[in-house]
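# Fold and geometry: a report
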Amino acid sequence: MLCFQGTYGTPIIPFNGDEQKQKFDIPTILKSANASIKFAVERTLVPYKTNLCCKSSFVDLNGEVMESIKWHPFAALEGPGWAANAVGGAYEIFSFGKYINDSSMVNKAIMLLDHVLEDGFVNYNTGFITGYRNVDTDILLQNYEHNNDWFCPGSMAKIAYQLLIFSDHVDEERKTKMRSIAIKTANWINSNVKLASNGWYPRRSAPDGSVYPYKPDGKDDPLFEKSGDGLFIIQLNTELTKRGLADYTISIKEKTNLFMQMGGIFGSINHDTYDEHEGVAYSVAFLTLLEVSYLLDNEAIRQFAYEKCLKGLDRFKITEDKNGVQCAGLLIMEESWDTAYLWENAEATLAYIKAFNDTKEETFLEEAFVILVAISKHHHGEHGFLTEGVDWNNHVGAQHHFGGAEFGDIQYTEPLLNNLHIVEPTLMVISLLEPK
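This section reports on the structure supplied with the text. Sequence order sets the numbering: in each chain, residues are counted from 1 along the sequence as written. With the structure being a predicted model, the display of local features is reserved for residues of pLDDT at least 70 and the display and counting of side-chain atom pairs for 80 or more, all residues being used for whole-chain, interface and lining totals. The basis for every side-chain value is the complete set of heavy atoms in the structure, and neither hydrogens nor water enter the calculation.

### With respect to the overall build of the protein
Per the convention used, a helix needs a DSSP run of H or I reaching at least four residues, while a strand needs a run of E reaching at least two, with both numbered from the N terminus. What the protein contains, in helices and strands, is 13 helices and 10 strands. It is over C-alpha atoms that the radius of gyration is taken, and the globule rule equals 2.2 Å times the number of residues to the power 0.38. Computed over C-alpha atoms, the radius of gyration of the protein comes to 20 Å, within 12% of the 22 Å expected from 2.2 N^0.38 for 436 residues, which places it in the range of a compact globule. Along the first, second and third principal axes, the C-alpha set of the protein runs to 50 × 50 × 45 Å. Only protein chains enter the accessibility calculation, which uses a 1.4 Å probe; a residue whose area is less than 20% of its type maximum is buried, one above 50% is exposed, and one in between is partly exposed. Within the protein, buried positions represent 59% of all 436 residues. Only the protein chains shown count as covering a residue, and every accessible area follows the Shrake-Rupley method with a 1.4 Å probe. Accessible surface, the protein as shown: approximately 16400 Å² in total, 49% of it carbon and sulfur. Across the protein, 37 positive and 59 negative side-chain charges occur, with their mean positions spaced 4 Å apart. Just so you know, the count uses Lys and Arg for positive and Asp and Glu for negative, and it drops His and the chain ends. Every charge is mapped to an atom, namely NZ of Lys, CZ of Arg, CG of Asp or CD of Glu.

Given below as structure tokens:
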């Protein structure tokens, strides 16, 4: 149930006519983004030294870490890594605050960003970024299993990419610092991370960059050489090269050619699943390869992005409500774990929006809208909570659903990712539909 008491702002969205108003239900997706922002800012941000941090990366509908979810490793973690997503979350909050002209919200976003910049996560000499802080012990950790045996180089690249994109919107001092980190992080990864035997980026590396071909439990990882997480390294290299901050043209060409020669590398980006075809990997591949095609002026790469990556999302689409659950319009995560998780769905909307920007084909914008409206049906409680995932066939287990229902929404969320990632595509859609 949606509940919007005290949500931020009531922006007035103009329309170009009744037909567009019917097709693109902006008030619904804007209310949904409002709710998600309200939950993250009001229920999960807490003071840390002179800045703000997220109290936990795994919370209930009240933004609390109740006893029943302390089993999850993310419950005691926060930081910029993977689903903790402090930089990405700060960027979402900052963007929404700017949109509704809320200076308090913008300041809180900057304080969350400064937490990453100032509180030990970044090695300013090397560019190495540590992903997590244990909120109970205040110890920094390299992975979500609470140890320093391994880290994910693609995820580190994603943090640097987030800092680079965010740097466009902050003051000069922070901009210089954030871009310097992005440059050094890319250099560390490209200089130290040893490639897998097939020439692709490894899913996990040891702290010195050497190979770590295992799952977190120490068993062999079947996706060590086949995870889409490596796409984030190409994405970072491409953005730095595009901006003239570094030149990774040769590496970008080599890794993109390898990716295409292998028919695409779409193994799980999420760190705890093991499927060779994960929906969000297709979305990230499209977003990355489209930018590579622009940089290299290469139509073959662009066509591969559409025909293999974006088209590949079709296999993950849920076309009708199932088992009494409102899931039509959502995408499952992967066939072996077919819950519809919401950060992955938000990433798919970004892919469709980018496709619309590139082609001006309205069907792509409609695809994005369908997903955002479908997501909007899964808020709960009075604070704006958005579920981490819609478990339409009880894959996760009824004990994790609201009210113990056999099928339904999961009663926890990652506040700066699954709960919040809809904000960026929502604002992008609105900017496209507002009269210029």
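From this point on, the discussion continues.
### A look at the pairing of strand S2 (residues 51–54)
Of the two faces of S2, the one holding Asn51 and Cys53 and the one holding Leu52 and Cys54 are both buried throughout. Only strands that DSSP links by at least two bridges are regarded as paired with each other. Bridge analysis of strand S1 (residues 45–48) against S2 gives four bridges, and the strand direction is antiparallel. Each residue of the ladder has a partner; that of leucine 45, found in S2, is cysteine 54. In sequence, S1 turns back onto S2 through a hairpin of two residues, with lysine 49 there showing a positive phi of about 50°.

### Examining the packing of helix H9 (residues 279–296) against helix H10 (residues 299–310)
Contact geometry of H9 with H10 gives a least axis separation of 8 Å together with a crossing angle of 170°. The angle between H9 and H10 places the two elements in the roughly antiparallel class. Seen from H9, the contacting residues are Tyr282, Ala285, Phe286, Leu289, Leu290, Val292, Ser293 and Leu296; seen from H10, they are Ile301, Arg302, Phe304, Ala305, Tyr306, Lys308, Cys309 and Leu310. Asp, Glu, Lys and Arg are counted as charged, while Ala, Val, Leu, Ile, Met, Phe, Trp, Tyr, Cys and Pro are counted as nonpolar; the rest, among them Gly, fall into the polar class. Looking at side-chain class alone, the contact of H9 with H10 contains 13 nonpolar, one polar and two charged residues. Between N-to-C directions, angles cover 0 to 180 degrees, with each direction set by a line fitted to C-alpha atoms, over the stretch in contact for helices. Note on angle classes: values under 35 degrees are labelled roughly parallel, values over 145 roughly antiparallel, values of 65 to 115 roughly perpendicular, and the remainder oblique. By the convention used here, residues are in contact when the closest approach between their heavy atoms is within 4.5 Å.

### Describing H10
Across its 12 residues, H10 extends 15 Å between first and last C-alpha, which sits within 8% of the 16 Å expected from 1.5 Å per residue. Of the positions making up H10, those classed as buried are Ile301, Arg302, Phe304, Ala305, Tyr306, Cys309 and Leu310. The inward-facing, buried residues of H10 abut helix H8 (249–261), H9, helix H11 (342–359) and helix H12 (362–375). Every helix has an expected span of 1.5 Å times one less than the residues it contains.

### Digging into the sheet that holds strand S9 (residues 389–391)
The antiparallel open sheet is built from three strands, whose spatial order is S6-S9-S10. Whereas interior strands pair on both sides, the edge strands pair on one side only; in this sheet they are strand S6 (340–341) and strand S10 (408–409). In terms of strand pairing, S6 meets S9 through two bridges, oriented antiparallel. Within S9, the position partnered with alanine 340 by the bridge is valine 390.

### Some details on the nonpolar core
Counting 138 residues, the largest nonpolar core has Ile93 and Phe259 as the members making the most contacts within it. When residues no more than four places from it in sequence are discounted, the contact partners of isoleucine 93 are Ile37, Val41, Leu45, Met105, Ala109, Leu112, Leu416 and Leu420. Among buried residues, those of type Ala, Val, Leu, Ile, Met, Phe, Trp, Tyr and Cys that are joined through side-chain atoms within 4.5 Å constitute a nonpolar core.

### So, the layout of surface pockets
There is about 660 Å³ of room inside the largest pocket. Around the largest pocket, the lining comprises 33 residues; the ones closest to its centre are Lys158, Tyr161, Gln235, Glu347 and Glu424. Taken together, the elements giving at least two residues each to the lining of the largest pocket come down to helix H3 (86–99), helix H5 (153–166), helix H7 (231–242), H9, H11 and helix H13 (423–433). It is H5 that contributes the most residues to the lining of the largest pocket, six residues altogether. Among the residues forming the lining of the largest pocket, the class breakdown is 13 nonpolar, nine polar and 11 charged. Only protein atoms enter the 1 Å grid used here. Points where a 1.4 Å probe fits but cannot escape make up a cavity, open sets with protein on both sides within 12 Å along at least five of seven lines make up a pocket, and a residue lines them when an atom lies within 4 Å of a point. Grid points are joined across faces, edges and corners, and a volume is the space filled by probe spheres set on the points. Reported here for the second largest pocket is a volume of approximately 520 Å³. What lines the second largest pocket is a set of 30 residues, among which His72, Asp272, Trp337, Tyr341 and Glu388 lie closest to the centre. The residue makeup of the lining of the second largest pocket, split by class, is 17 nonpolar, six polar and seven charged.

### Focus on unusual backbone geometry
Despite not being glycine, histidine 146 has its phi angle at roughly 70°, a positive value. What makes histidine 146 partly exposed here is its relative accessible area of 29%. Despite not being glycine, asparagine 323 has its phi angle at roughly 55°, a positive value. Within the secondary structure, asparagine 323 is located in the loop between H10 and S6.

### Side note on the environment of asparagine 34
Looking at the secondary structure, you find asparagine 34 in helix H2 (residues 26–44). Placed 350 residues apart in sequence, asparagine 34 and glycine 384 show a C-alpha to C-alpha distance of 7.9 Å.

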